[in-house]
Amino acid sequence: MTAYLDHNATSPLDERVREAMLPFLDCGNPSSVHRVGRAARGAVGAAREQVAAWLGVQTSQVIFTSGGTEANNLALSGVAQTVQPGRLLVSAVEHPSVLVPAKALERDGWETQTIAVDDQGRAQPESLMDGLSADTRICSVMAANNETGVLQPVAELAAVARTRGVVMHTDAVQWAGKLPLRFADTGAHLLSLSAHKLNGPKGVGALVVDKALDLEPILRGGGQERGLRSGTENVAAIAGFGCAAELAANEQAQRRAHTEGLRDYLISRLAELHGAKVLGADAERLPNTVMFALPGIDGETTLLHLDRHGIAVSSGSACHSGSGDPSHVLVAMGVAREVAFSAVRVSFGVGNSRADVDGLIAALHTLRKRMAPLLTG
C-alpha cells in the first residue's frame, strides 16, 4: 500500500463528495428548460451557495472555472482587458499559472515586475510599496506557496495595493481547506480556488470576484457564469466542489490539528538525518507541508527511492520544462543550487498517520546509508 504524502499536488476524493457527484454524472444541461436541465441547474446553484457560504460572499461573486489555472488566467487577463496597459506586479514565488499569463500580457503592452521575497519566501509590504508606480494596475500574490507551504501576508499587501487603486489578486488554491478562509479577510479583489486540493474532484475551480470589479471573459460563447465563463457547466464536478467546500468549512479545524501534528512530528524526526534542512522553517507555513533538503542527494533520486518503498512525495528539484534549473521558488529565496536540487516536499492529508512518517524516515535512513560512499567520497 502506498503512503500518499503528496496532497498539495492533489488530494484524495472524499467519499461524501463522490456521493454528491453521482446523481449528475449522466445527462442534464443546466441551460436546458426541461426537468432534467432544471435539476442540473439546481445542482449548480446549490453548489454555488455552498462555496459562497464557506467564503462569506454572495453567490453572484462565485464564478466556476475548470480549476485554479483557469481562475488565475481569468483574474489577470480579465482585469487587463478592462484597463489601459500598465504595470503588473507578481511575487517571485507564484505558480506558473500566474507567471506565464503575466508574461503573455507583455505582448499587449503590459510590463511585468517581480516582487522579491526574503530568504523564507515571504513578500514584504515594503517590497510591494517599492514596486508601485502611477501605472501599476494589477498585483498578484499567492496566499500560500505550493512548494514550501510558506504563507504570504496577503491582507497587508492588499491594503497597500488598495491605497494606490491597484487590483489585488490572490491564488488561494493551497490555502483553501487547510486554514480558515473568508474572502473579506484577504482584502483581495479576486481569489482563485481549485476543488481537487480540498478533497474535491479535478477539473473544477472558482474565481471569487469583488462585486465592484469589472472583468472581461477569456472564454466567450453561451454566456454561462454571468457571461464570464462560457461553456456547459461540469455539473457533477461542481456539485462535488460544493460538497467539498461545505466539508472544508465544517471540518477545517480538525484537519488542521491532525496535519499540523504530523508536520511537526516529521520535522522532529528529520533531526535524525544529519544535515537535513527544512526550507522556510522560520516562516508561518501551511499546517500540512514540509519541504526539506538532504544536501548531496538529488531530489529526484530521493523521490524515486521513496516511490520504490511505496511512499509518494514530490521533488522540489524537478526541472521546469526540461530547463535543468532548480525550483524558481527556492532560487527566489536565495537557496543554494545544490540544496535546491535536493529538496523534497511532503504534504499530509487527513488519511495520514505517524506510521507514514516513521516509514518515510526509515526509507530516508536506508537511502542515506546507500548513498554514504558517494557522500563521503
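Now for a quick tour of the structure. Values in this document were obtained by computation on a predicted structure and should not be read as measured data.

Re the overall build of the protein
1) Next: If you tally the helices and strands in the protein, you get twelve helices and 13 strands.
2) Next: Its C-alpha atoms give the protein a radius of gyration of 21 Å, within 12% of the compact-globule value 21 Å for 377 residues.
3) Next: For the protein, the spread of C-alpha atoms along the three principal axes comes to 70 × 50 × 35 Å.
4) Next: For the protein, the proportion of its 377 residues judged to be buried stands at 56%.
5) Next: A sequence separation of at least 24 residues applies to 72% of the contacts in the protein between residues at least 6 apart.
6) Next: Here the protein has roughly 15,600 Å² of accessible surface; of this, 52% comes from carbon and sulfur atoms.
7) Next: Within the protein, one finds 34 positive and 39 negative side-chain charges whose respective centroids are separated by 3 Å.

Here we look at the side chain of T259
1) Next: Relative to the assigned elements, T259 resides in helix α8 (residues 235–270).
2) Next: Among the polar contacts listed, one links the side chain of T259 to the backbone oxygen of R256, at a separation of 3.4 Å.
3) Next: Residues in contact with T259, not counting those within four places in the same chain, are P287, N288, F348, G349 and V350.

Let's talk about the pairing of strand β3 (residues 87–91)
1) Next: Within β3, five of the five residues are buried, which leaves it mostly tucked inside the rest of the structure.
2) Next: Burial of the side chains of β3 extends over both faces: R87, L89 and S91 are buried on one face and L88 and V90 on the other.
3) Next: Across five bridges, β3 lies against strand β4 (residues 111–115) in parallel orientation. Among the inter-strand pairings, L88 is bridged to a residue of β4, identified as T112.

Here's the deal with the packing of aromatic side chains
Two measures describe an aromatic ring pair: the distance that separates the ring centres and the angle between the ring planes.
1) Next: In total, this model carries one aromatic pair according to the counting rule given.
2) Next: Look at F64 and F241: their rings are 6.0 Å apart centre to centre, the planes differ by 65°, and that puts the pair in the edge-to-face class. Residue F64 is located in strand β2 (residues 62–65), and its partner F241 is located in helix α8; the two are separated by 177 residues in the primary sequence. Each of the two residues, F64 as well as F241, counts as buried.
3) Next: A cation sits over an aromatic face here: R354 above Y265, 4.0 Å from the ring centre.

Considering the packing of helix α3 (residues 68–80) against helix α4 (residues 96–104)
Angle between the axes and distance between the axes: these two values describe a pair of packed helices.
1) Next: Following both chains from N to C, one finds α3 and α4 inclined at 35°, their axes separated by 9 Å at the closest point. Between α3 and α4 lies a crossing of right-handed hand. Between α3, through T69, N72, N73 and L76, and α4, the contact on the second element is made entirely by S97, V98, P101 and A102.

Focus: the nonpolar core
1) Next: With 68 residues, the main nonpolar core has V51, W54, F64, M168, L181, L193 and F241 as its most contacted residues.
2) Next: Ranked by residues supplied to this core, first place goes to α8 with ten residues.

Digging into the sheet that holds strand β12 (residues 314–315)
1) Next: Ordered by their spatial adjacency, four strands build an open sheet running β9-β10-β13-β12, and the pairing between neighbours is antiparallel. In the strand order of this sheet, the two ends are held by β9 (277–278) and β12, each with one partner.
2) Next: As paired elements, β9 and strand β10 (residues 289–293) share two bridges and run antiparallel to each other. Paired with V278 across the strands is F292, a residue of β10.
3) Next: On top of the sheet, α8 reaches β9, β10 and β13 (343–347); it is set at about 15° to β10, its chief contact.

Brief notes about the packing of helix α2 (residues 35–55) against α8
1) Next: With their axes 8 Å apart at the nearest point, α2 and α8 run at an angle of 30° to one another. The pairing of α2 with α8 is recorded here as roughly parallel in orientation. Crossing of α2 against α8: the hand is left-handed. For the pair α2 and α8, contact is made by A40, A43, V44, A47, Q50, V51 and W54 and by V235, I238, A239, F241, G242, C243, A245, E246, A248 and A249, respectively.
2) Next: Considered class by class, the residues forming the contact of α2 with α8 number 14 nonpolar, two polar and one charged.

Section: α8
1) Next: Given a rise of 1.5 Å per residue, 36 residues ought to cover 52 Å, yet the end C-alpha atoms of α8 are separated by just 44 Å, more than 12% below that figure.
2) Next: Along α8, the helix axis deviates most sharply at E251, where the bend reaches about 70°.

Some points on the environment of N72
1) Next: Secondary-structure assignment places N72 in helix α3.
2) Next: By relative accessible area, N72 is classed as buried at 0%.
3) Next: When the C-alpha positions of N72 and L190 are compared, they lie 9.1 Å apart, and in sequence the two are 118 residues distant.
4) Next: The residues touching N72, leaving out its near neighbours within four places in the chain, are S97, V98, H169, D171 and S192.
5) Next: Only 2.9 Å separates the side chain of N72 from the side chain of S97, close enough to count as a polar contact.

Structural notes on the sheet that holds strand β6 (residues 167–171)
Paired through their backbone hydrogen bonds, the strands of a sheet run either parallel or antiparallel.
1) Next: Strand order in the open sheet made by the seven strands is β2-β8-β7-β6-β5-β3-β4, with mixed pairing throughout. Edge positions in the open sheet fall to β2 and β4, since each of these has one partner strand only. Strand-to-strand twist in this sheet, taken as the mean axis angle between neighbours without regard to direction, amounts to 20°.
2) Next: Inspection of the sheet shows strand β7 (residues 190–194) paired to strand β8 (residues 205–209) by five bridges, in the antiparallel sense. Counterpart to L190 in the pairing with β8 is V209.

Definitions and cut-offs
- Residues numbered from 1 in each chain as written.
- Predicted model: local features only at pLDDT ≥ 70, side-chain atom pairs only at ≥ 80, totals over all residues.
- Heavy atoms only, no water.
- Helix = DSSP H or I, 4+ residues; strand = E, 2+ residues; numbered from the N terminus.
- Rg over C-alpha atoms; globule rule 2.2 N^0.38 Å.
- Buried < 20%, exposed > 50% of the residue type's maximum accessible area, 1.4 Å probe, protein only.
- Contact = heavy atoms within 4.5 Å.
- Areas by Shrake-Rupley, 256 points an atom, 1.4 Å probe, with all protein chains shown as cover.
- Lys, Arg positive; Asp, Glu negative; His and termini not counted.
- Charge placed at Lys NZ, Arg CZ, Asp CG, Glu CD.
- Polar contact = N/O pair within 3.5 Å; in protein donor to acceptor, adjacent residues only side chain to side chain.
- Pairing = 2+ DSSP bridges.
- Phe/Tyr/Trp six-rings, centres within 6.5 Å; stacked < 30°, edge-to-face > 60°.
- Lys NZ or Arg CZ within 6 Å of the ring centre and 35° of its normal.
- Axes fitted to C-alpha atoms, helices over the stretch in contact; angles between N-to-C directions.
- Left-handed = near helix turned anticlockwise from the far one by under 90°.
- Core = buried A, V, L, I, M, F, W, Y, C linked by side-chain atoms within 4.5 Å.
- Parallel < 35°, antiparallel > 145°, perpendicular 65-115°, else oblique.
- Nonpolar A, V, L, I, M, F, W, Y, C, P; charged D, E, K, R; others polar.
- Expected span 1.5 Å × (residues − 1).
- Bend = angle between axes of the 7 residues up to and from the residue.

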